[in-house]
Amino acid sequence: MTIGYRKEIDGLRAVAVIPVILFHAGFQLFSGGYIGVDIFFVISGFLITSILLDEHQSQTFSLAAFYERRARRILPALVLVLACCLPFAYAILSPLDFRAFAKSLLGANIFLANIVSYQQTDYFDAASEIKPLLHLWSLSIEEQYYLVLPLLLAFLVKLGPKSVFSVLLALAAASLAYSEHVLYINERASFFFTTSRAWELLAGSLSAALVHYKFISLQSTTNTRTMLARQLLSGLGLAMVATPIFFYSKDTPFPGVYAVIPSLGTALILLFAIENTWAQRILSIKPLVGIGLISYSAYLWHQPVLAFVRYRSLESLSTTILVGLVLSVMGLAYLSWHFVERPFRNKVQFNRKQVWIFAISTSLILSVVSVLIYKKNGLPNRFDDKYSEAFYPPEFKEDRFCKFKPLFGSENLEGCEFGDSNGSQTVLLVGDSHASALLGGLHESFKNQGIRGIRVKVLKCAHQIPGMISASVNEEKIAIAQKCSNTYEELSTIFQQHADVVVLSIRWTARFAPIPGEFEEFFFNNQEGGVEFKPNISNFAQNENGEWSVNAQGKKLAAHKLLKGFTSVGKKVVVLYPVPEAGWDIPRYNFTTYAKTGAVQPIVSTSYDLFKRRNGFATRVLDEFKAPNLFRIRPENYFCNTYMADRCVAQKDFIPFYYDTNHLSTAGAKPLTDDIVKLLIH
C-alpha cells in the first residue's frame, strides 16, 4: 500500500529537531532533547522501508534509483553546510582543533562520522559543545543502514511476509540487546555504533511492514472501537515521545532500553496518529509542519552555529544570545531548504547524471581538502611560530601508544604496558583520565629507569571511586557499584601477586561533588571567566547506616576504603592529591586571545584561595588516611604560590601546563612524574 503525504509526520520531525537544537543550546528544560535523533531514526526507517516495499510490490525497485533519491535528499544541504564550515574553521579554530575538524569533515563526507565521533569524544562531554560536525554521526548511521537494507529487503520479500518480519525482528532484538549490553562496558560504542542503533531504524522498518502487509490499516474508518484504539495508542505514543525530552538527562543510561520509550512512541504515532486523532491534529498544526519541512537543514546547521560561537567566546553564552542563535539556525534552515534542498529534489532541474557528477565531485574535493588539513596538522603556519605550543600542547593519551588486554587473565580489568617491558619492578597506574595525563612523562622516565608500567582500566565501573554512584541511585546502579567494589578487591589481589607499586591519580573533588556546605558543583568555575561546559553531576555514597546520600561521611568512607585496599597489601602506594583546575580550556583560551589581540598571554593563572576552598574536603580526606606505605604528591606545591604569589599557574612562558580545562599536558605533568620516579627508585 502506497503511503501518501502525511503532514503529521512533518510535525513529528519538528518535535524531533526542536528539542535536539535546544538541548545542544544548553536549555535545561530540554535535558533529554537528544532523543530527537531517535525519533528521526524511526521516521526514516518507516518512510524508506515503505517506499522499498511498495517498489518491490510493483516491481519498480532499482538500486540505482534508490541511491539517487538518497543523494538528492542528503547531499546538497550537507555539502552546503560542510563548505560553509570550512572558512570559519580555518579562521576560528586552533591548529589542534582544525586538525580534528578535518578528520570530522572526512568522516562526514564518507559517512563514517559516527566512527570519528567515537574516537574523538563522548557525546555528552564538554568538548562536544565546540565540535562543529559532531552531530553528523547520526547521518552516517542512517546511510550505513541504507547500504544494507535495500539488499536485505530485496532478498526477504521473495521469501514472503513471514521472512520479512522474522528477520527484521530478530535483527532488531539483537541490536537492542547489544546496545544494552555494551552500554555498561563501552558507553561511547553503544551511543555511536550502528550495531547498537540499528534497532531504532528497524523499528521504523517493522512498522512499515505492518502497514504494507495490511496488519495495520492507515485507511479512514467509521468503526468506533477502531477509532478509540487509534486515539489511545497515538496519544500514548505522543506521551512516550514527549516525556523523555523533559525527564531524561545526560545522566540517563542511553541508548539501551531507555531509548525504547521514545522509539516505540514514535512507531505508535506513525501507525495510529491518523484521521483526526488528537495526536494527528496536534502534530498537523502549521508551525510544526513548517519546521518539520526544514528540519533536516535545521539539524545540519544548528551544531556548527552553536559550536563556532561558543569556540570564539571565552565565557558561557547568555540566554539572549542562545535564543538569537536558535532563530538564526531556523533562518539558515529555511534558506537552504528553499534554495538547495527543493531544487535538487526536482528531477526537471537536475537530472540523474548531474546529481551523480555533483555527488562524486564534491566528495572528492572535500576529501582531498580534509586530508591535506589533517596531514598538515591543522595548518599551524597560519600563526606566529612562537605560539605553536600554546595552541597545540603535546598530550600523551593511552590509546596512542599501547593496547589494552586482560590484566593477568582478569575479565574485569585490562592493562596496557608502558615504560620498560622488561623492567625490574612493576608499577600499576590506577585512576581516571588524570592518571592517563601522567603517561607521557612516566613512559620516558620508566624506560630510562628500567621500570615496567601498566595503565589499568577497570571495566564495568560507573565511578572511579568504588562504592560510589553518579547522578541517581537505583537498584541497577547499586548492583554495578557492588560489582565495582569486588573488581577493586580483585585489583588489590593482582597488586599483591604481580606488582610492586600502585600510583593512584583521580580528579578527587569532581568525583566527590557535591559536599553540602563546602562546594556544590561538579564542574569548575574559576570566577574569572573560565567555566567548564559540563553538567552538574551529583555523586552518592553509603554512610555508616547504609543510606545513600551526597553527604560527606559516606564519600570519606569510600575513599578510605579504596586507599586501604591498596595499602593493606603492604607495598608502596603513591597517591596524587587534586590537580588545580584551570576552568579555561587553555589551548583554546590562548587561541581565542590571539584571535582577538594578536598575542598570547605568557602567564595564565587562577586563584589559589579558590583552589583551597574547592579542594579542601578532598585534601582533608586524603590527609586523614594514615598508612606507613602511603606516599603523597601534592600538585599544588608545583603550581600554586610558586611562580606567582596566591595564584595557581596554568601556563608559563607561553607553555600550557594543561591540554584542556583540567588535564595536565606533558609539560605540566613533568614535575609530578619526576617526583613519582624519585619515590620509586629510593
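The text that follows walks through the structure, step by step, so that each part is easy to find. Everything quoted here is computed from the prediction, not taken from an experiment. (Residues numbered from 1 in each chain as written. Predicted model: local features only at pLDDT ≥ 70, side-chain atom pairs only at ≥ 80, totals over all residues. Heavy atoms only, no water.)

A few points about unusual backbone geometry
Logical step 1: Cis geometry is adopted by the peptide bond preceding Pro 255, which originates at Phe 254 and carries an omega value of 10°.
Logical step 2: Its place among the elements puts Pro 255 in the loop between helix H10 (224–247) and helix H11 (260–272).
Logical step 3: Looking along the chain, the bond that leaves Ala 513 and enters Pro 514 is cis, with omega of -5°.
Logical step 4: Its place among the elements puts Pro 514 in the loop between helix H21 (508–512) and strand E7 (539–542).
Logical step 5: The phi angle at Asp 653 is positive, at roughly 55°, despite the residue not being glycine.
Logical step 6: Mapped onto the fold, Asp 653 is located in the loop between strand E12 (647–652) and strand E13 (655–656).
Logical step 7: A positive phi angle, close to 70°, is found at Phe 654, a residue other than glycine.
Logical step 8: Secondary-structure assignment places Phe 654 in the loop between E12 and E13.
Logical step 9: Owing to a relative accessible area of 23%, Phe 654 belongs among the partly exposed residues under this scheme. (Helix = DSSP H or I, 4+ residues; strand = E, 2+ residues; numbered from the N terminus. Buried < 20%, exposed > 50% of the residue type's maximum accessible area, 1.4 Å probe, protein only.)

Structural notes on the state of the cysteines
Logical step 1: The tally for this structure, following the rule as stated, stands at 2 disulfides.
Logical step 2: Covalent S-S linkage joins Cys 461 and Cys 484, the inter-sulfur distance amounting to 2.0 Å. Taking the sign of the S-S torsion, about 110° here, the bridge from Cys 461 to Cys 484 comes out right-handed. One end of the pair, Cys 461, is in the loop between strand E4 (451–458) and strand E5 (468–470); the other, Cys 484, is in helix H20 (residues 475–498), and 23 residues separate them in sequence.
Logical step 3: For Cys 461, a relative accessible area of 23% corresponds to the partly exposed category.
Logical step 4: Look at Cys 484 and you get buried, because its relative accessible area is 3%.
Logical step 5: Each sulfur of the disulfide joining Cys 640 and Cys 648 lies 2.1 Å from the other. Torsion about the S-S bond of the Cys 640 and Cys 648 cystine: about 105°, corresponding to right-handed handedness.
Logical step 6: Take Cys 648: its relative accessible area is 2%, and that puts it in the buried class.
Logical step 7: The thiol of Cys 84 is not disulfide-bonded; the next cysteine sulfur, from Cys 85, is found 7.2 Å away. (Disulfide = S-S within 2.5 Å.)

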